[in-house]
Amino acid sequence: MEGEFLEHFIDKLESRKLAVLKYIEDSYQQKVSILRIEKELNISSFVLASVVESLALDFETYDITSYFQIKKSDTEIQLITNGEANSKLLMHIYIMESPAFKILDQIFHGTFVNVMDFAEANFLSRAGVYKWIKKLKEELRSHGIHLSSKFQLVGSEPKIRGYFFNMYYCLFNQMDY
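First, a word on what this report is: a plain description of the structure on this page. Keep in mind the model is a prediction, meaning the values are calculated, not measured.

### As for the overall build of the chain
When its secondary structure is counted, the chain shows 9 helices and 5 strands. The helix and strand sequence of the chain, counted from the amino end, reads α-α-β-α-α-β-β-α-α-α-α-β-β-α. In the chain, which comprises 177 residues, the proportion classed as buried is 40%. Across the chain, every contact between residues at least 6 apart in sequence was considered, and the portion connecting residues at least 24 apart equals 58%.

### Brief notes about the pattern of salt bridges
All told, the structure shown has 4 salt bridges when counted by the stated rule. Residues glutamate 76 and lysine 31 are paired through a salt bridge, measuring 3.9 Å at the closest nitrogen-oxygen approach. With glutamate 76 in strand β3 (residues 76-81) and lysine 31 in strand β1 (residues 31-33), the pair connects residues that are 45 residues apart, well separated along the chain. With relative accessibility at 33%, the residue lysine 31 sits in the partly exposed group. The residue arginine 161 makes a salt bridge to glutamate 157 at a minimum N-O spacing of 2.6 Å. A residue pair is termed a helical-turn pair when its members lie 3 or 4 positions apart in one helix, as arginine 161 and glutamate 157 do in helix α9 (residues 157-172) at 4 residues. Taking relative accessible area as the criterion, arginine 161 reaches 57% and is therefore assigned exposed.

### As for the nonpolar core
With 54 residues, the main nonpolar core has Phe9, Leu55, Phe59, Ile103 and Met167 as its most contacted residues. At 8 residues, α9 tops the list of elements feeding residues into this core. Once residues within four sequence positions are removed from consideration, phenylalanine 9 is found in contact with Ile95, Ser98, Ala100, Phe101, Leu104, Trp132, Leu136, Tyr163 and Met167.

### Remarks on α9
In this model α9 runs 22 Å from its N-terminal to its C-terminal C-alpha over 16 residues, within 8% of the 22 Å that 1.5 Å per residue would give. Listed in full, the buried residues belonging to α9 are Ile160, Tyr163, Phe164, Met167, Tyr168, Cys170, Leu171 and Phe172.

### Topic: the packing of helix α2 (residues 12-25) against helix α3 (residues 34-41)
Where α2 meets α3, the closest approach of the two axes is 11 Å, and the angle between their N-to-C directions is 125 degrees. When the axes of α2 and α3 are compared, the pair comes out oblique. For the crossing formed where α2 meets α3, the hand is right-handed. Note on element contacts: α3 touches α2 through Arg36, Ile37, Glu40 and Leu41, opposite Ala19, Val20, Tyr23 and Ile24.

### Considerations on unusual backbone geometry
Residues other than glycine seldom take positive phi values, yet glutamine 30 does so here, at roughly 50 degrees. Positionally, glutamine 30 belongs in the loop between α2 and β1. A positive phi is found at phenylalanine 123, a non-glycine position, where the angle reads about 55 degrees. Take phenylalanine 123: it is sitting in the loop between α7 (115-121) and α8 (126-141). With a relative accessible area of 76%, phenylalanine 123 lands in the exposed category.

Quick notes on the rules
Within each chain, residues carry numbers counting from 1 in the order of the written sequence. Totals for whole chains, interfaces and linings use all residues, but because this is a predicted model, local features are given only for residues with pLDDT of at least 70 and pairs of side-chain atoms are given and counted only at 80 or more. Working from all heavy atoms in the structure, the side-chain values ignore hydrogens and water. Numbering of helices and strands starts at the N terminus; helices are DSSP runs of H or I of at least 4 residues and strands are runs of E of at least 2. When accessible area is computed with a 1.4 Å probe and restricted to protein chains, residues below 20% of their type maximum are described as buried, those above 50% as exposed, and intermediate ones as partly exposed. Throughout, a residue-residue contact means that at least one pair of heavy atoms, one from each residue, lies within 4.5 Å. Salt bridges are defined as contacts in which a side-chain nitrogen from Lys or Arg sits within 4 Å of a carboxyl oxygen from Asp or Glu. To form a nonpolar core, buried Ala, Val, Leu, Ile, Met, Phe, Trp, Tyr and Cys residues must be joined to one another through side-chain atoms within 4.5 Å. Every helix has an expected span of 1.5 Å times one less than the residues it contains. Only C-alpha atoms enter the line fits that serve as axes; for helices the fit covers just the stretch in contact. Angles between N-to-C directions range over 0 to 180 degrees. Each angle is binned into one of four classes, with values under 35 degrees roughly parallel, values over 145 roughly antiparallel, values of 65 to 115 roughly perpendicular, and all other values oblique. Working rule for handedness: look at the near helix, and if it is turned counterclockwise from the far one by less than a right angle, call the crossing left-handed; if clockwise, right-handed.

What is shown is where atoms sit, not what they do.
What follows is the structure, given as C-alpha cells:
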C-alpha cells in the first residue's frame, strides 16, 4: 500500500533504482548475482550498471553513505548496510525532493502561486511542471478530488482530508515529522 500510494511522486529512474535496491536488500546476505537481477527485474546489463552507479551517487548526494554502500563486482552486487535504515529512507528522500510532492504539498498548504514561480524556484522548465501537474490531476481525480485552474483542491472535505492524511502518513510515518 505504502509504496504504491506514493509511487506517482517519483519518476521512472527513481522507481527503477528503488526496485533494484529493494531486490538486493531482500536477498540472502544482501548479495545477488548480476544475471539474476537482470532476469528478475527484466533490465539490461547496461541499465543495471547505470542504476547501480546512480544509486551510489545518490547515497553520497543525500549523505546516507553511513547507512548504505553498494559494491559491484563482475558477477554480483552487494548492499552493505549498518542496519539502521532500509530502502524506505531513500524512497522518502526521493519523494521529498520530487517536483510532484513539492507541488502538491504547496497546493495543500495554499502556497503554490503559479507554474512560472514554482519552475523558477525549483530550477525546472514550465513544461516539466505542467507534466507533473497533469499527472497529479489524474492521481487526484482517481480519488474523487479535482484540481481547479487556480490550483485549489475541489471535492468533498472527507475525501480531501483522507487523501492527504494517507499521503502524509505514508510519507512521514517513522521517518520525519
